Amino acid sequence: MSDSAAALSKSTFIRGVQCLKSLYLNKNRPFLRDRLSAEQLAKFKRGHEIGHLARDLYPGGINCAPGHPSQYRAALEKTAKSIAENKPVIYEAAFRHEDILVLLDILMKEGSVWHALEVKSSLHISETYLIDAALQYYVIKGSGLTPETIRIVHMNPAYRLGGSLDIKQLFVTTDVTEKVLALQEYIGIQIKKSREALTLKKSPDIPVGRHCRHPYPCDFTGHCWKHIKSDSVFSISGLPFDRRCALYENGYTEIADIPEESLPKQEQIILRAHRTQRNYFNSDRLHKRLAFGDHPQFVSFFAFRSALPLFEGHRPFESVIFAAASTDGTHSPQSFTAIPGSNPEPEIRNFLRQILSSGRSVVYYGSEQTRLAFDESGIFSRDDRLINLAEVFEDRDFYTPGMDPDGGLFETAAALGLSGSKTDRISEIMQGVRYLNITSENREETLKVIREEIQEAVVLTSRIYKFLNELIS
Ligand code: SF4
């Protein structure tokens, strides 16, 4: 038996919960899948590593993981044998029921009862994780073993690294048995729906919508969205994605169709910008935002977020600035990149404190990733005169059709026509991953690229500031 011989696995079931068309295409047209992004690959790798680490909570287990899909039968047999022999801890325990195959991260025996544990490299338990656990329970129980409890092991948001990694404190184990039991009927219904979808002669007729991004970005987006026109309702990037989906579901497929009055006031402005193809800006609000920015110092940051805390006092997924640059807008930027493997905080702190000592206001672009690092650094206080340019776009004080108001610095600069057409730019998340993956072989080259990019970032920050200032001057 191979994986493909089973009608469903845990991952394909979850795929079907998100969208039955995705489940169908995955089985029947897998060649239409988009290529996995570098971010998704990094996420999978992280999940794998955290899963392995969590095994140390219950050391010495029997590993039943199949090395290859063709070895699932052997994995089932090894699991059954280990259970029969009352092995106290089993990793990647394989179960099959109703032609659904699942691998459980940890199966553990305490006294005469079994406990099922699923590991997640995340700080919180999402609805999808509960459904995932509920399917595991359904299959394990159906196969003949009823776990006393099912638990989710996830990262402890309150944990701080001491001298060495304390696995028992790093993870939190939450008993989700009650919630999982309440989901069993839903799981049965969803399995039936999934089976029906898989027996269809052609893919189910499911229009694009919110489910294409939630809870995960679907990897058939390239296929399903190719018929969406460039001037469709989805191109109004200034409207929240859910709003665009709701308009589309209600039959407003093109920009011209949308009744302006159906939108909140701020969104009407965005719609008008698209209809007229003109920039929108709120002069009063821009004035207020930029008011104390006379001859400011511009600063840019790159940050990483590591699932495992790397330095003493750090928490899981803490945002840490590893590179910074500064300029007054006229002189060449100065930059600093921390030595890989060491705690960047002390030196970054020194670098930024020198900037602050000038007494000038500080202008930066703090999108989601960098803002967290900025806030968590504790370098700047409320009394410092700070202007975060990202907020101008997030709050729609300026909008140009086609821009992503929640995008990063480089995306915003490109949307404003302030940067070149560099196509191989990586995301802010991948900047952090790249830094964390520096090796002795790629060290010099990677540090050089980071230095160039952080300096470019601060120059672009100053250009965005100048662009906005010129609008209101
Ligand atoms: S892109 Fe959207 S509609 Fe297409 S399969 Fe994925 S979730 Fe379903």
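Each chain has its residues counted from 1, following the order in which its sequence is written. Residues qualify for local features only when their pLDDT is at least 70, as the model is predicted, and side-chain atom pairs are given and counted only at 80 or more; totals for whole chains, interfaces and linings, by contrast, use all residues. Remark: hydrogens and water are excluded; side-chain values derive from all non-hydrogen atoms of the structure.

Asker: Help me understand the overall build of the protein chain, please; the structure alone is not making it clear to me.
Answerer: In terms of helices and strands, the protein chain carries 18 helices and 14 strands. Each of the three principal axes of the protein chain carries a C-alpha extent, and together these read 75 × 60 × 40 Å. Whether two residues are in contact is decided by their heavy atoms: any pair within 4.5 Å suffices. Nonlocal contacts in the protein chain, meaning residues at least 24 apart in sequence, comprise 68% of its contacts between residues at least 6 apart. In this description a helix means any DSSP run of H or I spanning at least four residues, a strand means any run of E spanning at least two, and both kinds are numbered starting from the N terminus.

Asker: Would you mind going over the side chain of Ser22 with me for this structure?
Answerer: Looking at the secondary structure, you find Ser22 in helix α2 (residues 20-28). Residue Ser22 is classed as buried on the basis of its relative accessible area of 5%. Burial classes: relative accessible area under 20% of the type maximum marks a residue as buried, over 50% as exposed, and values in between as partly exposed (1.4 Å probe, protein chains only).

Asker: Where do I start with the site of the ligand in this structure?
Answerer: Any residue with a non-hydrogen atom lying within 4 Å of a molecule or strand is treated as near it. Cys19, Ser22, Ile206, His211, Cys212, Cys218, Phe220, Thr221, Cys224 and Trp225 make up every residue found near the ligand. Looking at the shell around the ligand, its residues break down into seven nonpolar, three polar and no charged. Think of it as three bins: nonpolar holds Ala, Val, Leu, Ile, Met, Phe, Trp, Tyr, Cys and Pro, charged holds Asp, Glu, Lys and Arg, and polar takes everything else, Gly as well.

Asker: I would appreciate a short explanation of unusual backbone geometry in the present structure.
Answerer: Across the chain, the bulk of peptide bonds are trans and the bulk of non-glycine residues have phi less than zero. A cis amide bond links His214 with the next residue in sequence, Pro215, at an omega value of 0 degrees. Inspection of the secondary structure assignment puts Pro215 in the loop between α8 (184-198) and α9 (221-224). The backbone of Asp99 sits at a positive phi, close to 65 degrees, despite the residue not being glycine. Mapped onto the fold, Asp99 is located in the loop between β3 (89-97) and β4 (100-110).

Asker: What am I meant to see in the sheet that holds strand β13 (residues 386-388) here?
Answerer: Paired through their backbone hydrogen bonds, the strands of a sheet run either parallel or antiparallel. As summarised here, the arrangement of the five strands in space is β11-β10-β9-β12-β13, forming an open sheet in which the pairing is mixed. Two strands close off the open sheet at either side, each with one partner strand: β11 (334-337) and β13. Taking each pair of neighbouring strands and ignoring which way they run, the sheet shows an average axis angle of 25 degrees. Two strands form a pair only when DSSP identifies at least two bridges running between them. Two strands pair when backbone bridges link them, and strand β9 (residues 297-305) and strand β12 (residues 362-364) are joined in this way by two bridges, in the parallel orientation. Paired with Gln297 across the two strands is Val362, which belongs to β12. Helix α17 (residues 428-436) rests against β9, β10 (319-327) and β11 of the sheet, and its axis sits at about 65 degrees to β9. Between the N-to-C directions of two axes lies an angle of 0 to 180 degrees, each axis being a line fitted to C-alpha atoms and, for a helix, fitted only over the stretch in contact.

Asker: Any chance you could explain the pattern of salt bridges here in plain terms?
Answerer: A side chain of one charge can pair with a side chain of the opposite charge if their charged atoms are brought near each other. Throughout this description, the term salt bridge denotes a Lys or Arg side-chain nitrogen within 4 Å of a carboxyl oxygen of Asp or Glu. In the structure shown here, the tally under the stated rule is 25 salt bridges. Between Asp132 and Lys120 there is a salt bridge, with the nearest N and O atoms lying 2.9 Å from each other. With a gap of 12 residues between them, Asp132 in helix α5 (residues 127-142) and Lys120 in the loop between β5 (113-119) and α5 connect regions that are remote in the sequence. Across the pair, exposure class does not vary: Asp132 and Lys120 are buried alike. A salt bridge links Glu196 to Lys192, with the nearest nitrogen and oxygen atoms 3.3 Å apart. Of this pair, Glu196 and Lys192 both sit in helix α8, four residues apart, which is roughly one turn of that helix. Its relative accessible area of 53% is what places Lys192 among the exposed residues. Via salt bridges that share partners, Arg285, Arg289, Glu391, Asp395 and Asp397 belong to a single interconnected network.

Asker: Can you help me understand the domain arrangement of the protein chain in this one?
Answerer: Interfaces are often sized by the accessible area lost when the parts come together. Segmentation into domains, and thus their bounds, comes from an automatic or database assignment. Its domain assignment divides the protein chain into domain 1 (3-198), domain 2 (228-278) and domain 3 (284-472). Placing a centre on the C-alpha atoms of domain 2 and another on those of domain 3 gives a separation of 31 Å. Opposite the nine residues of domain 2 that make contact, domain 3 presents eight residues. Buried area: the accessible area, evaluated with a 1.4 Å probe, that two parts lose upon being put together, summed over both parts. Buried surface at the junction of domain 2 and domain 3, summed over both partners, amounts to about 620 Å²; 56% is from carbon and sulfur atoms. At the boundary of domain 2 and domain 3, one finds zero salt bridges.

Asker: Honestly, the environment of Glu196 in this entry has me stumped. Any pointers?
Answerer: Taking relative accessible area as the criterion, Glu196 reaches 42% and is therefore assigned partly exposed. Taking the C-alpha atoms as reference points, Glu196 and Leu20, 176 residues apart in sequence, are found 9.4 Å from one another.

Asker: Looking at this structure, I do not really get the packing of aromatic side chains. What am I missing?
Answerer: The geometry of two aromatic rings is summed up by the distance between their centres and the angle between their planes. Centre distance within 6.5 Å is the pairing criterion for rings of Phe, Tyr and Trp, where only the six-membered ring of Trp is used; planes under 30 degrees apart are then read as stacked, over 60 as edge-to-face, and the remainder as tilted. Under the definition given, this model contains 14 aromatic pairs. Between Phe304 and Tyr435, the aromatic rings sit 6.0 Å apart at their centres with planes inclined by 15 degrees, giving stacked as the arrangement. A residue pair is termed long-range when its members are at least 10 positions apart, and Phe304 in strand β9 and Tyr435 in helix α17 qualify at 131 residues. For the pair formed by Phe304 and Tyr435, the shared burial category is buried.

Asker: Looking at this model, I keep getting lost on the packing of α5 against α8. Mind explaining?
Answerer: Helix-helix packing: each pair is described by the crossing angle between the helix axes and the interaxial distance. It is at 9 Å that the axes of α5 and α8 come closest, and there the two elements cross at 85 degrees. Overall, the two elements α5 and α8 adopt an arrangement that is roughly perpendicular. Residues Ile131, Ala134, Leu135, Tyr137 and Tyr138 of α5 touch α8, and the partners they reach there are Gln184, Tyr186, Ile187, Gly188 and Ile191. Angle categories are assigned with fixed cut-offs, so that under 35 degrees is roughly parallel, over 145 is roughly antiparallel, 65 to 115 is roughly perpendicular, and the rest are oblique.

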